[in-house]
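The chain contents come next:
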Amino acid sequence: MIIEQLPIINLLLFLLMALFIPLLKRKPFKITLILGFVVLGLVFISSVYLLWYVNNVGIIIYTFGGFEARFGIEFVVDPFSALFTTIIAILAAIIYIYSSGDATDGIEKTEYGRYYILLFLLLMSMFGILYTNDIFNTYVFIEILSITTCAIISIKKKKDTYTSAFRYLMMNELGSLSYLIGVALIYMATGYTNITLIGESMSNAFQAYQLNIVIALGFMIIGLGIKAAVFPFHIWLPDAHSSAPSTSSAILSAIVIKVYILVFVKVLFRVFNLEILNEMSISTILLILAGVGMIMGSVFAIAQKDVKRMLGYSSVAQMGYILLGIGLLSFEGLRAAFFHILSHGLMKTALFLSVGEIIFYKKTRKVNDFDGLGFIMPVAMGVFSIAALGMIGLPLTSGFISKLNLGMAVLDKNQTIFLVILIISSLLNVIYYLPIIISAFLKNEKYHYRLESIEKTPRTMIAPLILLGLLIIVVGIFPNQIMVFIESAVRSVMP
Amino acid sequence: MNDIIIKNITRIVIPFAQIYGIFVILNGHVSPGGGFAGGAIIGTSLILYTLVFGREKGRKKFSHKASEIAETGGILIYVIVGLIGLVVAGRFLTNLGAGFPEGVIGNIISGGMIPILMIGIGIKVASTMISLFNLLIDEAI
């Protein structure tokens with residue numbers, strides 16, 4: 001009985017937390033921080049419990065107001081949504097701890113409260129997107145997510161953040177509207193917005209209204225492609241992610257774009273089914289987009305001088321990896337994609353947070369200024385190196401496991417060309433990550449006098465970094481424990 | 001704006017506009033309109049007041065703190081009504097099953113919790129409109 005209520009209680013906790021922050025404005029800020037941490041902790045516990053429950057007992061179906069699913073809104077907690085909400089809760093908690101160590105760089109003191117309001121609304125909408133089983137409700141949550149994301153990007157009151165926030169808003173509204181048109185066309189053809197019911201009636205609808213379904217699929221792929229920064233639609237991402245504060249870059253790059261790709265998975269495999277996808281040879285289109293993205297994202301990243309822009313382009317390339325796994329439309333491919341969502345989430349969070357600490361103390365974002373940083377900030381640079389080596393795909397890191405799985409999945413489908421692209425992309429990763437590590441640990445700092453000026457880093461910033469570094473290695477060494485959950489998630493998406 | 005005609009007309013119009021807004025909110029479940037439309041009408045009347053009498057007087061009538069509380073309160077009403085459904089009937093936002101009175105169809109007090117939700121939405125929309133407007137004014141100065 002009470003377990004069924006947990007998903008809505010998770011959402012309400014986030015919403016109420018966001019509501020109470022403005023009322024706590026006149027109290028010391030510490031109270032807000034502690035309360036937020038309690039909320040995140042509770043949600044984390046309930047997500048983990050839900051993950052255990054759905055894997056061992058059974059899935060949870062929750063309809064609002066007691067209406068049946070075809071009239072009302074339905075939440076479904078299955079291994080898929082439970083797994084990814086848990087991952088989001090873990091990453092969000094880590095980023096939250098880090099951001100409490102006053103590293104929310106560039107944000108004015110008066111804006112702190114607003115930043116956390118936006119953060120909790122962001123988390124609420126992401127949990128909602130994953131739990132809901134209704135494509136129109138997904139659209140509503142997507143709108144909340146894009147508006148809060150836009151506000152979080154523009155929270156630093158500077159000219160360039162406004163430009164990138166505006167570009168983000170324009171591109172993402174196009175994406176949202178394309179998705180909405182897709183929803184409308186599907187509703188026209190099937191008469192439902194509930195994903196389960198659409199899935200049941202999709203084969204008949206495809207016979208009767210073929211044009212509708214084809215156009216709807218096209219609109220949805222483009223719309224969600226824009227939002228997930230799949231290669232040709234990625235132009236908003238590097239600006240937005242590099243101009244936002246480091247903690248929110250971590251959230252945007254590690255979690256938010258993944259949520260859109262998860263909606264994409266839901267749409268492909270639950271709303272449409274494999275027969276329709278095969279008939280329209282969606283696989284080829286997705287694979288080509290993924291292949292181009294993997295190469296071009298890395299090539300653009302090499303050309304960047306600003307570290308955060310480089311990480312942004314690297315995210316574009318990594319989205320290509322995930323899309324490659326999805327585009328294979330096979331069990332192994334989806335498993336690799338899901339694993340990469342987890343491992344990229346961990347690695348990108350680690351990269352952005354360690355870079356955030358470096359920017360916070362060194363006030364530089366240039367790749368060339370990283371000389372000798374390994375001696376001044378051993379923890380930050382150490383975690384950066386672990387995560388960067390993971391990005392390259394060296395063994396013992398989680399990146400290796402996801403690339404291994406991806407390579408096996410590609411070979412299973414006899415798409416050898418994409419194995420070549422995967423290897424080339426990894427080599428390109430080496431070109432832009434390795435020089436940073438080498439110059440940080442093997443060169444001397446250009447300005448020695450700055451050595452003294454680095455103060456002691458707060459423990460709240462160091463601890464999350466170490467935790468992330470450990471998690472990357474632990475996931476890389478013991479992937480099987482997590483693979484169990486990922487495989488059951490894949491099975492629940494792809495019957 | 002220092003025009004005596006505008007000031008006096010505004011004084012006369014605002015109460016009617018606000019009463020109309022309240023009417024639209026309360027009749028949301030039996031006629032066209034509802035929380036959003038009615039809240040927008042009330043919000044517009046507050047904007048009109050600020051436009052005619054200036055930012056300072058407007059702030060006195062509806063301060064920033066009041067709008068903060070109203071915005072939070074509007075959603076809180078919604079959440080609390082939803083939670084009543086959760087506690088009593090086991091589903092979030094349960095209407096009649098949670099003991100809200102059904103009433104006679106067509107009356108103001110009918111439709112269970114929907115009028116209460118409409119009031120919450122109305123408060124939220126009205127305060128959001130006026131605080132957005134104030135933010136834009138402050139930005140320009």
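Let me sum up the structure you'll find in this document. The shown structure was predicted, so the numbers you read here are calculated from the model rather than taken from an experiment.

**Some thoughts on the overall build of chain A**
And step 1. Of regular secondary structure, chain A possesses 21 helices and two strands.
And step 2. By the compact-globule yardstick of 23 Å for 495 residues, chain A fits well, its C-alpha radius of gyration being 22 Å.
And step 3. Taken over the C-alpha atoms alone, chain A extends approximately 75 × 60 × 45 Å along its principal axes.
And step 4. Within chain A, residue pairs in contact and separated by at least 24 positions form 81% of the contacts whose partners lie at least 6 positions apart.

**A closer look at unusual backbone geometry**
Residues and elements named next belong to chain A.
And step 1. Here Ala229, not a glycine, exhibits a phi torsion of approximately 60°, which is positive.
And step 2. Turning to its location among the elements, Ala229 is positioned in the loop between helix 8 (210–227) and helix 9 (236–243).
And step 3. Although it is not a glycine, Leu329 adopts a positive phi angle of roughly 55°.
And step 4. With respect to the helices and strands, Leu329 occurs in the loop between helix 13 (307–327) and helix 14 (331–362).

**Quick look at the nonpolar core**
Residue and element names in this part refer to chain A.
And step 1. Counting 190 residues, the largest nonpolar core has Phe120, Tyr179, Ile261, Phe272 and Phe338 as its most contacted members.
And step 2. With 18 residues, the top contributor of residues to this core is helix 10 (residues 246–271).
And step 3. If sequence neighbours within four positions are ignored, Phe120 has contacts with Phe14, Met17, Ala18, Ile21, Gly36, Val39, Leu40 and Tyr96.

**Looking at the environment of Leu323 of chain A**
Residues and elements named next belong to chain A.
And step 1. Topologically, Leu323 is positioned in helix 13.
And step 2. According to the relative accessible area criterion, Leu323 is buried, its value standing at 2%.
And step 3. Taking the C-alpha atoms as reference points, Leu323 and Ser425, separated by 102 residues in sequence, lie 14 Å from one another.
And step 4. Setting aside its immediate chain neighbours within four residues, Leu323 contacts Val230, Ile261, Phe264, Leu286, Leu289 and Ala290.

**Thoughts on the interface of chain B and chain A**
And step 1. Contact residues are listed per partner, giving 15 residues for chain B and 19 residues for chain A.
And step 2. In total, chain B and chain A occlude about 1500 Å² of area from one another, counting both sides; carbon and sulfur atoms represent 67% of this.
And step 3. For the chain B face of the interface with chain A, the top three residues by lost area are Thr72, Arg91 and Phe92 of chain B, together amounting to 37%.
And step 4. If you look at where chain B meets chain A, you find one salt bridge.
And step 5. Between Glu4 of chain A and Arg91 of chain B there is a salt bridge, and its shortest N-O distance comes to 3.3 Å.
And step 6. Across the contact surface, chain B and chain A share five residue pairs in polar contact (both at pLDDT 80 or more).
And step 7. A per-class count over the side of chain B that touches chain A returns eight nonpolar, four polar and three charged.

**With respect to the side chain of Ser402 of chain A**
Residues and elements named next belong to chain A.
And step 1. Its location among the elements puts Ser402 in helix 17 (residues 398–412).
And step 2. In this structure Ser402 comes out as buried when scored by relative accessible area, which is 1%.
And step 3. Excluding its chain neighbours within four sequence positions, the residues that come into contact with Ser402 are Ala336, Phe339, His340 and Ser343.

**Regarding the packing of helix 14 of chain A against helix 21 (residues 479–493) of chain A**
Residue and element names in this part refer to chain A.
And step 1. Running from N to C, helix 14 and helix 21 cross one another at 125°; their axes reach a closest spacing of 9 Å. What the angle tells us is that helix 14 and helix 21 run oblique. For the crossing formed where helix 14 meets helix 21, the hand is right-handed. Contact with helix 14, carried on its side by Phe331, Leu334, Arg335, Phe338, Phe339 and Leu342, involves Pro479, Ile482, Met483, Ile486, Glu487, Ala489, Val490, Arg491 and Val493 of helix 21 and no other residues of that element.
And step 2. Class assignment for the residues of the contact of helix 14 with helix 21 results in 12 nonpolar, no polar and three charged.

**What about helix 12 (residues 282–303) of chain A?**
All names here are of chain A.
And step 1. Between the first and last C-alpha of helix 12 there are 32 Å, a value that for 22 residues agrees with the 32 Å anticipated at 1.5 Å per step.
And step 2. Of all the residues in helix 12, the buried ones are Ile282, Ser283, Leu286, Leu287, Ala290, Gly291, Gly293, Met294, Gly297, Ser298 and Ala301.
And step 3. Residues of helix 12 that are buried in the fold lie against helix 8, helix 10, helix 11 (274–279), helix 13 and helix 18 (416–442).

**Describing a nonpolar patch on the surface**
Residue and element names in this part refer to chain B.
And step 1. On the surface, Ile4, Ile5, Ile9, Ile12, Val13, Phe16 and Leu48 cluster together to form a nonpolar patch covering roughly 710 Å² of accessible area.
And step 2. Residue contributions to the nonpolar patch peak at six residues, all from helix 1 (residues 4–26).
And step 3. Tracing the backbone through its elements, the reader meets Ile5 in helix 1.

**What to know about the pattern of salt bridges**
And step 1. Taken as a whole and assessed by the stated rule, the structure comprises nine salt bridges over all chains.
And step 2. Here Arg491 of chain A ties to Glu487 of chain A by a salt bridge, and the two come within 3.7 Å at their closest N and O atoms. Pair noted here: Arg491 of chain A and Glu487 of chain A are both in helix 21, with a separation of four residues, about one helical turn.
And step 3. The salt bridge partner of Arg59 of chain B is Glu56 of chain B, with a shortest N-O separation of 3.3 Å. Remark: Glu56 of chain B and Arg59 of chain B occur in helix 2 (residues 35–61); sequence separation between them is three residues, near one turn of the helix.
And step 4. When its relative accessible area of 35% is taken as the criterion, Arg59 of chain B is described as partly exposed.
And step 5. When salt bridges with common partners are traced through the structure, they connect Arg167, Asp239 and Arg309 of chain A into a single cluster.

**Quick word on the packing of aromatic side chains**
And step 1. A complete count under the given rule lists 22 aromatic pairs over all chains for this structure.
And step 2. Ring centres of Phe127 of chain A and Tyr131 of chain A lie 6.0 Å apart, and the angle between their planes is 70°; on these two criteria the pair is classed as edge-to-face. Taken together, the residues span about one helical turn, with Phe127 of chain A and Tyr131 of chain A both in helix 4 (residues 112–131) at a distance of four residues. Just as Phe127 of chain A is buried, Tyr131 of chain A falls in that class too.
And step 3. Their ring planes at 40° and their centres at 5.7 Å tell us that Phe136 of chain A and Tyr139 of chain A sit as a pair that is tilted. With Phe136 of chain A and Tyr139 of chain A both in helix 5 (residues 135–153), this residue pair falls three residues apart, about one helical turn.
And step 4. Aromatic rings pair up to connect Phe14, Phe37, Tyr62, Phe64, Phe75, Tyr96, Tyr115, Tyr116, Phe120, Phe127 and Tyr131 of chain A together with Phe92 of chain B into one cluster.
And step 5. Here the guanidinium or amino end of Arg91 of chain B rests over the ring plane of Tyr62 of chain A, the centre of that ring lying 4.8 Å away.

Cut-off values and rules
Residues numbered from 1 in each chain as written. Chains lettered and ligands numbered in written order. Predicted model: local features only at pLDDT ≥ 70, side-chain atom pairs only at ≥ 80, totals over all residues. Heavy atoms only, no water. Helix = DSSP H or I, 4+ residues; strand = E, 2+ residues; numbered from the N terminus. Rg over C-alpha atoms; globule rule 2.2 N^0.38 Å. Contact = heavy atoms within 4.5 Å. Core = buried A, V, L, I, M, F, W, Y, C linked by side-chain atoms within 4.5 Å. Buried < 20%, exposed > 50% of the residue type's maximum accessible area, 1.4 Å probe, protein only. Buried area = accessible area lost by both parts, 1.4 Å probe. Salt bridge = Lys/Arg side-chain N within 4 Å of Asp/Glu carboxyl O. Polar contact = N/O pair within 3.5 Å; in protein donor to acceptor, adjacent residues only side chain to side chain. Nonpolar A, V, L, I, M, F, W, Y, C, P; charged D, E, K, R; others polar. Axes fitted to C-alpha atoms, helices over the stretch in contact; angles between N-to-C directions. Parallel < 35°, antiparallel > 145°, perpendicular 65-115°, else oblique. Left-handed = near helix turned anticlockwise from the far one by under 90°. Expected span 1.5 Å × (residues − 1). Patch = residues over 30% accessible without salt bridge, like charges linked within 9 Å, V, L, I, M, F, W, Y side chains within 5 Å. Areas by Shrake-Rupley, 256 points an atom, 1.4 Å probe, with all protein chains shown as cover. Phe/Tyr/Trp six-rings, centres within 6.5 Å; stacked < 30°, edge-to-face > 60°. Lys NZ or Arg CZ within 6 Å of the ring centre and 35° of its normal.

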